[in-house]
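So the chains spell out like this:
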Amino acid sequence: MWFFHNPGLLGINARNLLYIKPYNPKKAVMLADSKIKTKNFLSARGVPVARLYHVIHNKKELKKFDFNSLPNSFVIKPNAGYGGEGIMIIKGRKGGNFIRSNDELISIQDLAKHLNDILDGRYSLAGITDAALFEQRLEAPEFLKKMAYKGLPDIRIVVHNLIPVMAMLRLPTESSNGTANIHMGGIGVGIDIAKGELTYATQYNKKIDSIPGFGPIKGVKIPHWDDFLLTASKVQQITNLGFAAVDMVLDKNMGPVLLEINARAGLQVQVANMAPLRKRLERIQGIKINNPEKAVRIAQDIFGHKIETKHEHIDGKTVIGTLERVEVIGKNETAKIIAKIDPSIEKSVLDEIIAKQVDLDEKGKCRFNLAGQKVTTVVDRQGFKNQGYQMLIGQRDLSAFLIDPSKKTIIQTTDKNTPIIKRYFSEAELKKIDDELADIDSKIKLLSHLRPTNLKEENLKFLNDPHYNPQFEYKKLGFDPKNFFSRLKRLEFPETAMGTLWKKKADEITRKIRLLEARATNEFTQRSIELYGTVDEKLLQRALDQIKSMPTEFPKEGKRMTAKEAKKHFEKAINDYGLKGWRVKIKEDLVSDAIAGKENTIFIREGASFTMDRLKGTIAHEVETHAFTAMNGARQPYRLFQRGLADYLMTEEGLAVYNQEQTESTETIKKYWAASTVIGVDEAMRGSFVDIYLKVVDAGFGAERAWTVALKTKRGLADTSQPGAFTKDAVYFKGHQMIEDYVQNGGDLKLLYCGKTNLEDLETIKKVKGLKTPLYLPAYLREEKV
């Protein structure tokens, strides 16, 4: 093909001479060559990376290493490896052996031999002794799994001058033995920089028409593409590599995750894109860019068809107002402050209190971020008491900026006539805050992480010995808490009603992560109380009073239907209400008989049975509450209403129980289940698993319910003989009482249906601009049929 003789191609010699030598400092190259240093350095700065389980530095450590301490799946990598060599993916265990990604079995002895080769430097860049890493095994989403042969596809983005220049998707094949190594027979797929769409597929330097086992790639788009580009640009900025290949993967739980950076970017990306790299690099020569966001927009404009939507730069300079928010970066601390732009002075001046806070050195050397650009300067110190700003930025530090006095800033004045700047947020920025919170919250999967992995085994032990307190084990976290905390910390919120709701959600997400970090520790109960509250004396008494009123016998239940039969009724209800996109599935190992999941799915527990009356109540609970609030939330201007406002659960579950009672005509013992959980949580705070079980049985409930209450209130703990509780399930009873009180006081339940809301935030919710009235309502709240 003419392409391979194109003079715009970048060869190895030209790459080394024109880009690597001038743009990649030795210190930055050394950082990139060490996966351990790279991982630690970038994760500390908010870049998402795979979790590091263990590192073996020498053969002495290898001899002592306990392979049983490893999780069932992981990845082995040489620290200073190159070209993907030496990487081994383990996806499971079978007997005493491990299972590789290509389904081959490998013994511990052979695994140790491979690690020994890594330590000897067999795969290292310079052939010198190396270290071996055990990393979290990332998992691709389904559509990428279908494109790859038994391995993990990755995405390589070549970046120069912060600008992503070219990118490709690398697919493992049978020829490459399940690795994404192009030279070994992997498939390289070009990616449109602007849109993230796949363009050409190549293998062995030849264009191919389709991906084996998948088909043509036309129309396939990489999700979160802008995040990939932005991360790649930020990585280059942080590492100070002027020319780099940033290798990333799309994990189904974490989204875009950094694998490694390469200071000697390979050139196969040109073949995958059917485009010469040197020609693209020459097009951006001399462009001055100081922030990754602008770099990404330029890349998409120059190398694709995406039109730049923001106009915040003129002639390469950033436009700022006369008052701006600034982040001052110290040795160990940072401070977000207000700065006044003052070109009438030469040298910038920092408030002496802030200088002390960030531990500014005696010479006054200072680094700060202004409008997305990093500035390194020397400042004087001065007190700015009651001035409304803590810094003056002088002429010396304004060469990269244009000052527009009319630029939008919102100023408030306090009682002391002190001006306070409020940042102006564009619609795009508001959407980004909303998307970021929804994305992080969706990946936490709190209840999944609190489900014991050995639940069946411990249940059998308890059935054989009713005095046995289960010893629970849990899977490792499927996300990196440090990364999530870093992402949350970077968020800024507008001083509006929606900003208040977002800020509360960020706080709730933080509490969720803290809870999961505390699993199987003494801190778990306190973290649960911080997230869900606890049972006070008043609530306990209300629960006990309700249980005392429980009849000793209930009306005889009618004919019961199976989960499969119930599934048809759920599907009819979904169809009748016009809930597009919702489906019903039967699932094993559910704790509840039915549950509405976050992905527009109603799950029914396999083996569950329902009377017709109970089924109507369950549909009212799951469909007419949880599904309705989700559908109404999806109509709102922000995703938070569909995902759930902070601490919405008590309102949502209280509403669900209330709706259920409006529908069911026959009283059953299940009406009292929420109260049984309250006494379970109370007992768990001071007692064991067995104590809870006996307490619930003594209150008049059956053995199955008693086991469920004990399990729900002790999940998250390791040794359930010890005091401590997961307090979440008390919110069902607490929420029901709250909704009843709200209705008795004349409250309008329709207001709670605009999404997954929190009753405590109702007045704030009413102030949100663009809020739509709820479309989906249960029959007793509808004036006319939906």
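Structure: above.
Reading the values: the criteria
Residues numbered from 1 in each chain as written. Predicted model: local features only at pLDDT ≥ 70, side-chain atom pairs only at ≥ 80, totals over all residues. Heavy atoms only, no water. Pairing = 2+ DSSP bridges. Helix = DSSP H or I, 4+ residues; strand = E, 2+ residues; numbered from the N terminus. Axes fitted to C-alpha atoms, helices over the stretch in contact; angles between N-to-C directions. Phe/Tyr/Trp six-rings, centres within 6.5 Å; stacked < 30°, edge-to-face > 60°. Buried < 20%, exposed > 50% of the residue type's maximum accessible area, 1.4 Å probe, protein only. Lys NZ or Arg CZ within 6 Å of the ring centre and 35° of its normal. 1 Å grid on protein atoms, 1.4 Å probe; cavity = no way out; pocket = protein on both sides within 12 Å on 5 of 7 lines; lining within 4 Å. Points joined across faces, edges and corners; volume = space filled by probe spheres on them. Nonpolar A, V, L, I, M, F, W, Y, C, P; charged D, E, K, R; others polar. Patch = residues over 30% accessible without salt bridge, like charges linked within 9 Å, V, L, I, M, F, W, Y side chains within 5 Å. Areas by Shrake-Rupley, 256 points an atom, 1.4 Å probe, with all protein chains shown as cover. Salt bridge = Lys/Arg side-chain N within 4 Å of Asp/Glu carboxyl O. Lys, Arg positive; Asp, Glu negative; His and termini not counted. Charge placed at Lys NZ, Arg CZ, Asp CG, Glu CD. Polar contact = N/O pair within 3.5 Å; in protein donor to acceptor, adjacent residues only side chain to side chain. Contact = heavy atoms within 4.5 Å.

*Asks:* So what exactly am I meant to see when it comes to the sheet that holds strand β7 (residues 154-160) here?
*Replies:* Here seven strands make up an open sheet; going across it, the order is β11-β10-β9-β8-β7-β12-β13 and the pairing antiparallel. Each of the sheet's edge strands pairs with one partner strand only, and the pair in question is β11 (206-208) and β13 (255-262). Ignoring which end each strand starts from, the neighbouring axes of this sheet average 30° apart. One ladder, built from three bridges, connects strand β9 (residues 187-191) with strand β10 (residues 198-203); its direction is antiparallel. Bridging across to β10, V189 finds its partner in A201.

*Asks:* Help me understand the packing of aromatic side chains in this model?
*Replies:* Both the distance between ring centres and the angle between the ring planes are used here to describe each pair of aromatic rings. By the definition in use, this model includes 21 aromatic pairs. Ring plane angle 90° and centroid distance 5.1 Å describe the contact between F65 and F67, whose orientation is recorded as edge-to-face. By relative accessible area, which is 16% here, F65 ends up buried. What makes F67 buried here is its relative accessible area of 8%. Centre to centre, the rings of Y577 and F628 are 4.8 Å apart; their planes meet at 90°, and the pair counts as edge-to-face. Taken together, the residues Y577 in the loop between α19 (563-576) and β27 (583-587) and F628 in helix α20 (residues 612-634) connect sequence positions 51 residues apart. Here a set of aromatic residues connected by ring pairs shows up, and it is made of F65, F67, F74, F98 and F134. If you follow R45 out to its NZ or CZ, it ends over the ring of F41, 3.8 Å from the centre.

*Asks:* Any chance you could explain empty space enclosed by the protein here in plain terms?
*Replies:* The rolling of a water-molecule-sized probe over the atoms marks out the regions of remaining empty space. This structure, assessed with the given rule, holds four cavities of 30 Å³ or more. Of the voids in this model, the second largest cavity is the one considered here, and its volume is about 60 Å³. As for the second largest cavity, its lining consists of K35, T38, K39, V49, E135, L258, L259 and E260. Sorting the residues of the lining of the second largest cavity by element identifies α3 (35-43) and β13 as the ones contributing at least two each. Counted by class, the lining of the second largest cavity contains three nonpolar, one polar and four charged residues.

*Asks:* Please clarify how unusual backbone geometry should be interpreted in this entry.
*Replies:* A negative phi angle characterises most non-glycine residues, just as the trans form characterises most peptide bonds. The backbone phi angle of N161 is positive, close to 60°, even though this residue is not glycine. Mapped onto the secondary structure, N161 falls in the loop between β7 and β8 (163-171). In this structure, H224 is a non-glycine residue whose phi angle is positive, near 60°. Tracing the backbone shows H224 in the loop between β11 and α7 (225-239).

*Asks:* It is not clear to me how a positive patch on the surface should be interpreted in this structure. Could you clarify?
*Replies:* Side chains of R45, K363, K365, R367 and K374 sit close together on the surface and give a patch of like positive charge. Along the chain, K374 falls in strand β20 (residues 373-378).

*Asks:* Got a minute to help me understand the side chain of R170 in this structure?
*Replies:* Within the secondary structure, R170 sits in strand β8. Judged by its relative accessible area of 11%, R170 is buried. Of the polar contacts made by the side chain of R170, one reaches the side chain of D247; its length is 3.2 Å. Beyond its immediate chain neighbours, meaning those up to four positions away, R170 contacts P153, D154, R156, A180, I182, I187 and D247.

*Asks:* Just checking my understanding: could you explain the sheet that holds strand β28 (residues 594-596) for this structure?
*Replies:* Sheet architecture is open: three strands sit in the order β27-β29-β28, paired in mixed fashion. The sheet terminates laterally at β27 and β28, the two strands that pair on one side only. Across this sheet, the average inter-strand angle for adjacent strands is 20°, counted without regard to direction. Both β28 and strand β29 (residues 601-605) contribute to a ladder of three bridges, which runs antiparallel.

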